[in-house]
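# Architecture at a glance
Here are the chains, one letter per residue:
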Amino acid sequence: MKRIYQQGRAAFKTASGSPTPENLHEWRKKAKLLGYGLELIKGLGIRKNSRMIKGATDLSKALGDDHDLFMVKTALDRENRSRPAPDYASVAKRISARRAKLQNRAFKPGAVVYAEKQGRFGKRLDRRFRR
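Residues numbered from 1 in each chain as written. Predicted model: local features only at pLDDT ≥ 70, side-chain atom pairs only at ≥ 80, totals over all residues. Heavy atoms only, no water.

With that out of the way, let us pick up the overall build of the chain. Scanning the chain for helices and strands turns up 5 helices and 0 strands. Taking 131 residues into account, the globule formula puts the C-alpha radius of gyration at 14 Å, and the chain, at 18 Å, lies well above it. Principal-axis analysis of the C-alpha atoms gives the chain an extent of 65 × 25 × 20 Å. Residues classed as buried in the chain amount to 36% of the 131 residues present. Here the analysis covers contacts within the chain between residues at least 6 apart in sequence; of these, 76% occur between residues at least 24 apart. When the accessible area of the chain is evaluated, it comes to approximately 8,200 Å², of which 55% is carbon and sulfur surface. (Helix = DSSP H or I, 4+ residues; strand = E, 2+ residues; numbered from the N terminus. Rg over C-alpha atoms; globule rule 2.2 N^0.38 Å. Buried < 20%, exposed > 50% of the residue type's maximum accessible area, 1.4 Å probe, protein only. Contact = heavy atoms within 4.5 Å. Areas by Shrake-Rupley, 256 points an atom, 1.4 Å probe, with all protein chains shown as cover.)

Moving on: the nonpolar core. In terms of nonpolar packing, the biggest core is built from 22 residues, with Trp27, Leu34, Leu38, Met52, Leu59, Tyr114 and Phe121 touching the most fellow members. Within the residue set of this core, elements represented by two or more residues are helix H1 (2-17), helix H2 (21-40), helix H3 (47-82), helix H4 (88-113) and helix H5 (118-130). Those residues in contact with leucine 59 that lie beyond four places of it in its chain are Trp27, Ala31, Ala106, Pro109, Gly110, Val113 and Tyr114. (Core = buried A, V, L, I, M, F, W, Y, C linked by side-chain atoms within 4.5 Å.)

On to a nonpolar patch on the surface. A cluster of nonpolar side chains, contributed by Val72, Leu76 and Val91, occupies part of the molecular surface with about 190 Å² of accessible area. With respect to the helices and strands, leucine 76 occurs in helix H3. (Patch = residues over 30% accessible without salt bridge, like charges linked within 9 Å, V, L, I, M, F, W, Y side chains within 5 Å. Salt bridge = Lys/Arg side-chain N within 4 Å of Asp/Glu carboxyl O.)

As a further point, take the packing of aromatic side chains. Enumeration according to the criterion identifies 6 aromatic pairs in this entry. Taken together, a centroid distance of 5.2 Å and an interplanar angle of 45° make the contact between phenylalanine 12 and tryptophan 27 tilted. A residue pair is termed long-range when its members are at least 10 positions apart, and phenylalanine 12 in helix H1 and tryptophan 27 in helix H2 qualify at 15 residues. With respect to burial, phenylalanine 12 and tryptophan 27 carry one shared label: buried. A connected cluster of aromatic rings, assembled from ring pairs, spans Tyr5, Phe12, Trp27, Phe107, Tyr114 and Phe121. (Phe/Tyr/Trp six-rings, centres within 6.5 Å; stacked < 30°, edge-to-face > 60°.)

This part covers the pattern of salt bridges. For the structure on display, the rule yields 9 salt bridges. Lysine 54 is the salt-bridge partner of aspartate 58, the closest N and O atoms lying 2.9 Å from each other. Taken as a pair, aspartate 58 and lysine 54 lie in helix H3 at a separation of 4 residues, close to a single helical turn. Using a relative accessible area of 51% as the deciding quantity, one classes lysine 54 as exposed. We note a salt bridge from aspartate 65 to lysine 61, for which the minimum N-O separation is 3.0 Å. With aspartate 65 and lysine 61 both in helix H3, this residue pair falls 4 residues apart, about one helical turn. Residue classification places aspartate 65 among the partly exposed positions, given a relative accessible area of 24%. For lysine 61, a relative accessible area of 53% gives the class exposed. Beyond isolated ion pairs, a larger network of salt bridges with shared partners links Glu26, Lys29 and Lys30.

Shown next, in the form of C-alpha cells:
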C-alpha cells in the first residue's frame, strides 16, 4: 500500500505539472490501485480511508471519462483529416471543454487524496496493522 500510494502521489505531481493524456492515464491507473487496496483494508477502521476511497474513486472516474473523450477526439481528428466535416470544430471544442472540466474534477479530490506525505501515510497504516 505504501508503494502504491507513493507511486500515485508521484503520478499526481507529474500530471499536475504536465496534464498530458499519457500522464493523466498513468495517474488514473495508480489511483485505481490505491482505491482497490484501500477497499481491501477498509475493515481496519482507518477513518481517513473512507474519504480516500471516495476521492480515489471520484478521480478515477473523472480521469477515465477524460481518457475516453481523448480517444474519441483522436478518432474524430483522424476521420476529419480524411473526410472533413463542417461541424468538426464545434464538436472538438465541446470535447476539449468537457475534458477540462473532468480534469478539474479529478484534481480536486486528487489534492486531498495525495495531500499526506508518503511517510505519514505509511506510519498511519503501520499503526493500524499493529493493532
